[in-house]
Amino acid sequence: MQEKSPEPMISDLDEYKRSGEKKYPIVGFWGVGGEKFETATRKNYAEMAAAGFNISLTKNFSVEKMKTALEAAQGTGIELIAGPWNAEYTEEWIRQVKEMDGVYAYYLKDEPPMDGLDALKKNYEFIRSIDKDKHVYVNLFPIDAQYKFIKTYDYEAYVEKYLQIGVPMLSY
């Protein structure tokens, strides 16, 4: 007899409540922005929203670029995931972004390897020490990731270790 799969766990859909409506995050990974930020326009954010997305993750947000992108996205139904791509978060950066409307989450890491999860936890705790309200976004490796990237053969242990960090959002 085949064993029944466990029910998916969704801790609290109210976690995704924004502006009085429940919203399940549909993220456009590498959404609007471009390498030189030339595509961060109101028209492009509106097209993204019309396609069913409500969140855009875009590469390399300085505080200035973040403000420009938020102005363009305002009124389109798109919120942004912000992060100083491939740089360290600083207290000053977080404090500035924390006050901006339209920021859905802080971008923490894309596909962290098993041996990078301890550092990820420290970064998560640092962000949370300054801003407890905004989400933090991490995108895990998929189950079929090669060992040379994920640094483990045990995917279940990888996800379990990630869950111990405490990030209430799971993406893979």
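Residues numbered from 1 in each chain as written. Predicted model: local features only at pLDDT ≥ 70, side-chain atom pairs only at ≥ 80, totals over all residues. Heavy atoms only, no water.

Inspection of the secondary structure assignment puts threonine 152 in the loop between helix 5 (147-150) and helix 6 (155-165). Exposure remark for threonine 152: the relative accessible area of 14% places this residue in the buried category. When sequence neighbours within four positions are dropped, the list of residues in contact with threonine 152 reads Met114, Tyr147 and Tyr158. (Helix = DSSP H or I, 4+ residues; strand = E, 2+ residues; numbered from the N terminus. Buried < 20%, exposed > 50% of the residue type's maximum accessible area, 1.4 Å probe, protein only. Contact = heavy atoms within 4.5 Å.)

Next up on the list: the nonpolar core. General note: in soluble globular proteins, nonpolar side chains tend to be found buried as a group. In this structure, Tyr45 and Tyr158 are the most contacted members of the largest nonpolar core, which totals 46 residues. Setting aside chain neighbours within four positions, we find tyrosine 45 in contact with Val32, Ala40, Ser56, Ala69, Ala72, Ala73, Thr76, Ile78 and Leu80. (Core = buried A, V, L, I, M, F, W, Y, C linked by side-chain atoms within 4.5 Å.)

Of all the 5 residues making up strand 7 (residues 135-139), 5 are buried; the element is thus mostly covered by neighbouring parts of the structure. Bridging between strand 6 (residues 103-110) and strand 7 involves 5 bridges; their strand directions are parallel. Directly across from tyrosine 106, in strand 7, lies its bridge partner valine 136. The β-α-β motif built from strand 6, the intervening helix 4 (residues 117-130) and the parallel element strand 7 has right-handed crossover chirality. (Pairing = 2+ DSSP bridges. Right-handed = clockwise from strand over helix to strand, strands pointing away.)

Our next topic: helix 2 (residues 63-73). One turn of an α-helix holds 3.6 residues; hence residues three or four places apart share an orientation. By the burial criterion, the buried members of helix 2 are Val63, Met66, Ala69, Leu70, Ala72 and Ala73. Contact partners of the buried residues in helix 2: helix 1 (42-50), strand 5 (79-82), helix 3 (91-98) and strand 6. Two residues or fewer after helix 2 comes glycine 75, characterised by a positive phi angle close to 80°.

Strand pairing within a sheet occurs via backbone hydrogen bonds; the two strands may be parallel or antiparallel. Pairing in this open sheet of 5 strands is parallel, and the strands run 3-4-5-6-7 from one edge to the other. Only two strands of the sheet have a single partner each, and these edge strands are strand 3 (27-29) and strand 7. Along the sheet, successive strands turn relative to each other by an average axial angle of 30°, direction set aside. Summarising the sheet, strand 3 and strand 4 (residues 55-57) pair through 3 bridges and their orientation is parallel. Within the sheet, the bridge partner assigned to glycine 28 lies in strand 4 and is serine 56. Together, strand 6 and strand 7 form the strand contacts of helix 4, whose direction differs from that of strand 6 by roughly 160°. (Axes fitted to C-alpha atoms, helices over the stretch in contact; angles between N-to-C directions.)

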